[in-house]
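Residue strings, one per chain:
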Amino acid sequence: MDLLNQIKENAKKHNKRIVLPESWEERTLRAADEVLAEGIAQIILIGEPSDILSKAEGFGLKNIGKAEIVNPKTDSRIDSYADLMVEIRKSKGLTKAEALKLLEDPLYLATLMIKAGDADGEVAGANNATGDVLRPAFQYVKTAPGISVVSGAFLMFLKDNQFGENGLMVFADCAVHPNPTAKELAEIAVATGRTTRAIAQIEPRIAMLSFSTKGSAKHEMVDKVVEATRLAKEMAPDLKIDGELQADAAIIPSIGKSKAPNSEIAGVANVLVFPTLESGNIAYKLVQRMAGAEAVGPVLQGMAAPINDLSRGCSVSDIVNLVAITANQAAK
Ligand code: ACO
């Protein structure tokens, strides 16, 4: 896990402002304390300052005083955030009163801080479902230019070094978009290639997965992956991408050679792009649980600013790691 230490060291150089809107939550406060103690990022918390500070004291935390604490009841920026929301959601008919009500929810306030340039990134989800974290982000921070779909990648640290890059692989989409079209799947592949370079710090070899290898099966679901592979290659000629490949043909050299002899990816893939969220989410959880892999993420990709979602079962160190990853994304 040297990579995670490297990611933390890199984050320290950039000193980004990361907002943790679930500021009443014990694991979040403990993680904030660790991030501040190590200097990984600046931390912004949301809530009544005296409540947060007395909670922190109760947990024996010594560094929370260094965080910026935004009090949603008194902060002078709330009114201008409401105006910004009304402007962004003009076509949806959002009123100022509705915007002010939404800003009572720290998940909305956090995304508006990012939109207004008062924070560089967000980590949330220790206490909220994925959809509740993502919806405000989709509505106000929106996707990066040229990208229409947000997706979630996992860095998979496998016990068996024969796979991927010395045991490191990247899986996507495992978290966000249930049933992508061919074009969306191509965007997910390209975004995952970029995340692999920026965060996993390895050169991606991307396999577009299917239940067919190079025409071995005929079905509209296979056609989607074939088309996505073609589009992804067109969108990013700098990335090594191939498909459609079955999982064994993607990761086992002898099977890759026999099923797809002309592929430069078959057998040696270090990035797996799944055809649907169903397959990606199931696969990463099976590899995590049955092969004992460490799954770091989801790292959300395609958003205009980095916002990352935690699993509700996350540990303090999961939160610290994701803050460091978010700070690295913000620095790019
Ligand atoms: N990328 C970019 N924008 C999106 C995306 C996407 N993938 N999905 C929805 N949006 C936008 C829509 O265009 C819409 O924008 P608008 O309001 O400006 O028109 C807005 O987000 C809301 O869209 P809805 O379709 O109404 O959003 P909904 O809330 O129904 O769904 C959500 C979005 C919550 C992300 C949904 O796709 C979802 O639930 N995905 C699965 C998440 C999940 O449960 N993952 C598994 C658990 S995570 C884990 O195990 C690690």
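One numbering rule holds for all chains: residues counted from 1, following each sequence as written. Local features are withheld for residues below a pLDDT of 70 in this predicted model, meaning they are given only at 70 or higher, and side-chain atom pairs are given and counted only at 80 or more; totals for whole chains, interfaces and linings count all residues. Hydrogens are left out, water is left out, and the side-chain values use all remaining heavy atoms of the structure.

**Student:** Outline the domain arrangement of the protein, supporting the account with residue identities and numerical values.
**Tutor:** Accessible area lost upon the coming together of the parts serves often as the stated size of an interface. Each domain of the protein was delimited in the assignment, giving domain 1 (2-142 + 306-331) and domain 2 (151-295). What counts as a domain boundary in this text is fixed by an automatic or database domain assignment. Summarising the inter-unit geometry, the C-alpha centres of domain 1 and domain 2 are found 31 Å apart. We call two residues in contact when some of their heavy atoms are within 4.5 Å. Facing the nine residues of domain 1 at the interface are eight residues of domain 2. By convention, the term buried area covers the 1.4 Å-probe accessible surface removed from two parts as they join, with the contributions of both added. When the two sides are added together, the surface that domain 1 and domain 2 hide from each other amounts to roughly 680 Å², 71% of it contributed by carbon and sulfur.

**Student:** An account of the packing of helix α8 (residues 182-200) against helix α9 (residues 220-235) is needed here, citing residue identities and associated values.
**Tutor:** Throughout, an axis means a line fitted to C-alpha atoms (over the contacting stretch in the case of helices), and angles, computed between N-to-C directions, take values from 0 to 180 degrees. By the criteria applied, helices consist of DSSP H or I runs no shorter than four residues and strands consist of E runs no shorter than two, each listed in order from the N terminus. Two elements in contact, α8 and α9, have axes whose closest approach is 8 Å; the angle formed by their N-to-C orientations is 50°. Put simply, α8 runs oblique to α9. For α8 against α9, the interelement crossing comes out right-handed. Contacts from A182, K183, L185, A186, E187, A189 and V190 of α8 reach α9 at K224, V225, E227, A228, L231, A232 and M235. Under the convention adopted here, Pro, Cys and the residues Ala, Val, Leu, Ile, Met, Phe, Trp and Tyr are nonpolar, Asp, Glu, Lys and Arg are charged, and Gly plus all remaining residues are polar. When the residues that make up the contact of α8 with α9 are grouped by side-chain class, the tally is ten nonpolar, no polar and four charged. In this scheme, roughly parallel covers angles under 35 degrees and roughly antiparallel covers those over 145, while 65 to 115 is roughly perpendicular and the rest are oblique. It is the rotation of the near helix from the far one that decides the hand of a crossing: anticlockwise by less than a right angle makes it left-handed, clockwise makes it right-handed.

**Student:** Mind laying out the sheet that holds strand β7 (residues 205-209), listing which residues take part and the relevant values?
**Tutor:** With mixed pairing, the six strands of this open sheet are ordered in space as β8-β7-β9-β6-β5-β10. A strand with exactly one partner marks an edge of an open sheet, and here the two such strands are β8 (240-245) and β10 (294-301). The sheet shows a mean angle of 20° between the axes of neighbouring strands, direction not considered. Strands qualify as paired when DSSP identifies two bridges or more between them. Relative to strand β9 (residues 271-273), strand β6 (residues 168-172) is paired through three bridges, and the arrangement is parallel. Directly across from V170, in β9, lies its bridge partner V271. Helix α12 (residues 277-290) rests against β5 (151-157), β6 and β10 of the sheet, and its axis sits at about 20° to β5.

**Student:** Kindly report on the site of the ligand, identifying the contributing residues and their values.
**Tutor:** The environment of the ligand is made up of 21 residues, and the closest members are R89, R135, V150, A175 and V176. Two N or O atoms count as a polar contact when they lie within 3.5 Å, although within protein this holds only if one can serve as hydrogen donor and the other as acceptor, and sequence-adjacent residues are included solely when both atoms are side-chain atoms. Separating a nitrogen atom of the ligand from a backbone N or O atom of V150 is a distance of 2.8 Å. One nitrogen or oxygen atom from the main chain of V176 is found 2.9 Å from a nitrogen atom belonging to the ligand. In isolation the ligand offers 990 Å² of accessible surface; the protein chains occlude 63% of this area. Contributions of two or more residues to the shell around the ligand are made by α7 (130-141) and α12. Whether a residue is near a molecule or strand depends on its heavy atoms: if one lies within 4 Å, it is near. The method behind every accessible area is Shrake-Rupley, applied with a 1.4 Å probe, and residues are considered shielded solely by the protein chains displayed.

**Student:** Requested: an account of α9, with residues and values cited.
**Tutor:** To estimate how far a helix should reach, multiply one less than its number of residues by 1.5 Å. In this model α9 runs 22 Å from its N-terminal to its C-terminal C-alpha over 16 residues, within 8% of the 22 Å that 1.5 Å per residue would give. Regarding α9, the residues found buried are V222, K224, V225, A228, T229, L231 and A232. Elements in contact with the buried residues of α9: α8, β7 and β8. Think of it in three bands: with a 1.4 Å probe and only protein chains considered, a residue is buried below 20% of the maximum accessible area for its type, exposed above 50%, and partly exposed in between.

**Student:** Which residues make up the packing of aromatic side chains, and what are the values?
**Tutor:** When we look at a pair of aromatic rings, we describe it by the centre distance and by the angle of the planes. Any Phe, Tyr or Trp ring, taking Trp's six-membered ring, that has another such ring centre within 6.5 Å forms a pair; planes under 30 degrees apart are called stacked, those over 60 apart edge-to-face, and the others tilted. Taken as a whole and judged by the stated rule, the model has three aromatic pairs. Ring geometry for Y108 versus Y140: centroids 6.1 Å apart, planes at 70°, classification edge-to-face. Note that Y108 is positioned in helix α6 (residues 106-115) and Y140 in helix α7, a separation of 32 residues in sequence. Each member of the pair Y108 and Y140 is classed as buried. Residues F154 and Y284 carry aromatic rings whose centres are separated by 3.8 Å and whose planes lie at 15° to one another, so their mutual orientation is stacked. Taken as a pair, F154 in strand β5 and Y284 in helix α12 lie far apart in primary sequence, 130 residues in all. You can call F154 buried: its relative accessible area is 4%.

**Student:** Let's hear about the nonpolar core: which residues, and what values?
**Tutor:** I43, L45, L155, M208 and V323 are the most contacted members of the largest nonpolar core, which has 60 residues in total. The leading source of residues in this core is α8, at eight residues. Counting the residues that make up this core, at least three belong to each of domain 1 (2-142 + 306-331) and domain 2 (151-295). In this structure, M208 is in contact with L185, A189, V225, A228, T229, I241, D242, G243, E244, L245 and V273, ignoring residues within four places of it in sequence. By convention a nonpolar core is built from buried Ala, Val, Leu, Ile, Met, Phe, Trp, Tyr and Cys residues, the set being connected through side-chain atoms within 4.5 Å.

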